[in-house]
Amino acid sequence: MLLEKIISISGKPGLYKLVSQLRNGFIIEDVTTKKKVSIGNSSQVSLLDNIAMFTFEKEVPLFEVFENIAKNYDYKEAIPHKSSDAELKEFMLTSLPNYDTERVYASDIKKLAQWYNILQKAGYITPESFVKAEPETLEGTPAKEASIEKEAPKKASKTEKPATSKVKATSAAKAAPKSTHRKQG
């Protein structure tokens, strides 16, 4: 999915994409203007990938809700976040029919609509953006599933001698507590 590195920053409007990490913060890019700025480690950042919406049964990841909205609105802009509470509740019912009306507030629905529309305008909401991609390695090639088979232990050849370390033995002896009992005699 193309949306894994999208964040929201407390106190800053809009959404941002994580570009890289610095020693004392991050370089981010506004998803709409593409302007890059740096933020410090003290900024309160929320990764959209870690946000979920409450239903009566479970918590649904935010991107699944975005996908429902995208399908309902044919991948086009949804209702404005400044719509009436009744319109926002209707929007939420069509996007996530069993959402928990006690724990999902009108402000949450407004933020959901606002974030969806920001991502849609920035070109992040497309049919391809919700296709689950294969995990990639650092080289950019698809990762193969890890094998769980255990390798047989390798036997040392007759010419190889087992490694011994006198350093470990002496340091272990030094670290051992000395006896406090004295011999009487």
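Just so we're clear, the structure is a prediction, and the values are computed from it rather than from any experiment. (Residues numbered from 1 in each chain as written. Predicted model: local features only at pLDDT ≥ 70, side-chain atom pairs only at ≥ 80, totals over all residues. Heavy atoms only, no water.)

Trainee: In this structure, what is going on with the packing of helix 1 (residues 62–72) against helix 3 (residues 106–121)? I would like to understand it.
Mentor: How two helices pack is summed up by the angle between their axes together with the distance between the axes. It is at 11 Å that the axes of helix 1 and helix 3 come closest, and there the two elements cross at 70°. By the criterion of interaxial angle, the relationship of helix 1 to helix 3 is roughly perpendicular. Each of L62, V65, F66, I69 and A70 in helix 1 lies in contact with helix 3, whose residues at this interface are L112, W115, Y116 and L119. When its residues are assigned to classes, the contact of helix 1 with helix 3 shows 9 nonpolar, no polar and no charged. (Axes fitted to C-alpha atoms, helices over the stretch in contact; angles between N-to-C directions. Helix = DSSP H or I, 4+ residues; strand = E, 2+ residues; numbered from the N terminus. Parallel < 35°, antiparallel > 145°, perpendicular 65-115°, else oblique. Contact = heavy atoms within 4.5 Å. Nonpolar A, V, L, I, M, F, W, Y, C, P; charged D, E, K, R; others polar.)

Trainee: Would you mind going over the environment of A122 with me for this structure?
Mentor: Structurally, the position occupied by A122 is in the loop between helix 3 and helix 4 (166–175). Classification of A122 as partly exposed rests on a relative accessible area of 22%. Along the primary structure A122 and K34 are separated by 88 residues, whereas in three dimensions their C-alpha atoms are 9.2 Å apart. Setting aside anything within four residues of it in sequence, one finds A122 in contact with V31 and K34. (Buried < 20%, exposed > 50% of the residue type's maximum accessible area, 1.4 Å probe, protein only.)

Trainee: Would you mind going over the sheet that holds strand 4 (residues 36–40) with me for this structure?
Mentor: Consider a sheet: its strands pair through backbone hydrogen bonds, and that pairing is either parallel or antiparallel. Reading across from one edge, 4-3-2-1-5 is the order of the 5 strands in this open sheet, with antiparallel pairing throughout. The two strands at the open ends of the sheet, each matched to only one other strand, are strand 4 and strand 5 (45–47). Going across the sheet, the axis of each strand differs from the next one's by a mean of 45°, ignoring polarity. With 2 bridges connecting them, strand 1 (residues 6–9) and strand 2 (residues 16–22) associate as antiparallel partners. When the sheet's bridge partners are listed, I7 is paired in strand 2 with Y16. (Pairing = 2+ DSSP bridges.)

Trainee: What am I meant to see in the pairing of strand 2 here?
Mentor: Walk down a regular strand and you will see the side chains alternate between the two sheet faces. Hairpin connection of strand 1 to strand 2: 6 residues between the antiparallel strands, including G11 at a positive phi of 90°. Note that strand 2 and strand 3 (residues 25–30) share 6 bridges and pair antiparallel. Residue L22 lies in a different strand from strand 3, and its bridge partner there is G25. Between strand 2 and the antiparallel strand that follows it, strand 3, lie 2 residues.

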